[in-house]
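Coordinate inspection notes
Take a look at the letters that make up each chain.
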Amino acid sequence: MEKLSTMQHHVFFWLKNPDSKEDLDSLISGLKSMQQIDSHQMLKVGVPAATPKREVVDHSYAVSLLVTFSSVEDHNAYQEDPIHKKFVEDCAHLWDKVQIYDSQDV
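Values in this document were obtained by computation on a predicted structure and should not be read as measured data.

Basis of the calculations
- Throughout this description, residue numbers start from 1 for each chain and increase along the sequence as written.
- Only residues with pLDDT of at least 70 get local features here, since the model is predicted, and only at 80 or more are side-chain atom pairs given and counted; chain-wide, interface and lining totals rely on the full set of residues.
- Note that the side-chain values use all heavy atoms of the structure and ignore hydrogens as well as water.
- At least two bridges found by DSSP between two strands is the condition for calling them paired.
- Note on conventions: DSSP H or I runs of at least 4 residues are helices, E runs of at least 2 residues are strands, and numbering of each starts at the N terminus.
- Every axis in this analysis is a line fitted to C-alpha atoms, fitted for helices over the stretch in contact. Angles between the N-to-C directions lie between 0 and 180 degrees.
- Centres within 6.5 Å are what make two rings of Phe, Tyr or Trp a pair, Trp counting through its six-membered ring; a difference in plane orientation under 30 degrees is then read as stacked, over 60 as edge-to-face, and the rest as tilted.
- Relative accessible area decides the class of each residue, using a 1.4 Å probe on protein chains only: under 20% of the type maximum gives buried, over 50% gives exposed, and in between gives partly exposed.
- Two conditions define a charge located above a ring, namely a distance within 6 Å from the ring centre to NZ of Lys or CZ of Arg, and an angle within 35 degrees of the ring normal.
- Take the buried Ala, Val, Leu, Ile, Met, Phe, Trp, Tyr and Cys residues and link them wherever side-chain atoms come within 4.5 Å; each set so joined is a nonpolar core.
- Every residue pair with non-hydrogen atoms within 4.5 Å of one another is taken to be in contact.
- For this analysis, a polar contact is any N or O atom pair within 3.5 Å, provided that within protein one partner can donate a hydrogen and the other can accept it, and provided that sequence-adjacent residues contribute only side-chain to side-chain pairs.

1. Thoughts on the sheet that holds strand β4 (residues 95–104)
Taking strand neighbours across the sheet as the criterion, the four strands line up as β2-β3-β1-β4 in an open arrangement whose pairing is antiparallel. In this open sheet, the two strands that pair with only one neighbour each are β2 (42–46) and β4. The sheet shows a mean angle of 15° between the axes of neighbouring strands, direction not considered. Here nine bridges tie strand β1 (residues 7–15) to β4, and the two strands are oriented antiparallel to one another. Within the sheet, the bridge partner assigned to Leu 15 lies in β4 and is Trp 95.

2. Examining the packing of aromatic side chains
The full count for this structure, using the stated rule, is seven aromatic pairs. Ring geometry for Phe 12 against Tyr 101: centres 6.0 Å apart, planes inclined by 75°, an arrangement best described as edge-to-face. Taken together, the residues Phe 12 in strand β1 and Tyr 101 in strand β4 connect sequence positions 89 residues apart. Taking relative accessible area as the criterion, Phe 12 reaches 15% and is therefore assigned buried. Taken together, the ring pairs in this structure connect Phe 12, Trp 14, Tyr 61 and Tyr 101 into an aromatic cluster. Over the ring of Trp 14 we find Lys 97; its NZ or CZ atom is 4.3 Å from the centre of that ring.

3. A closer look at the nonpolar core
Membership of the largest hydrophobic core comes to 20 residues, with the highest contact counts inside it found for Phe 13, Leu 27, Leu 31, Met 34, Leu 65, Tyr 78 and Phe 87. Going through the elements one at a time, β1, α1 (21–32), β3 (63–69) and α3 (82–91) are the ones with two or more residues in this core. Other than its neighbours up to four places away in sequence, Met 34 contacts His 40, Leu 43, Leu 65, Tyr 78, Ile 83, His 84 and Phe 87.

4. A few points about the environment of Met 7
Note that Met 7 resides in strand β1. Sequence separation between Met 7 and Ser 103 is 96 residues; the distance between their C-alpha atoms is 5.7 Å.

5. Focus on the environment of Asp 105
Along the chain, Asp 105 turns up in the segment after β4. As for Asp 105 and Leu 43, which are separated by 62 residues in sequence, their C-alpha atoms are 17 Å apart. When near neighbours in sequence (up to four residues on either side) are disregarded, Asp 105 contacts Thr 6 and Gln 8. At 2.9 Å, the side chain of Asp 105 forms a polar contact with the side chain of Gln 8.

Written out as structure tokens, the structure is:
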């Protein structure tokens, strides 16, 4: 049986107001709302881990989102889902910067 390929969508958010617990909580809540979207395999929301500072580790972001999909098509459906669009509409004012890394298993 052929293994389904998996795509990872990893998103990092920097807050406009990095000292605001309210903004952080709102962003985390908004991200978790996307667990309702059917097209993903897994959705995880996180904050920087308390790992040792090293030159190759970036702890500067406020929140990360990791979503896995069984295909690029499922990723594309996720992007177009009304729940995802509502998240962007409701939360875009909270972040100053977003960086996305999409990868496909090899």
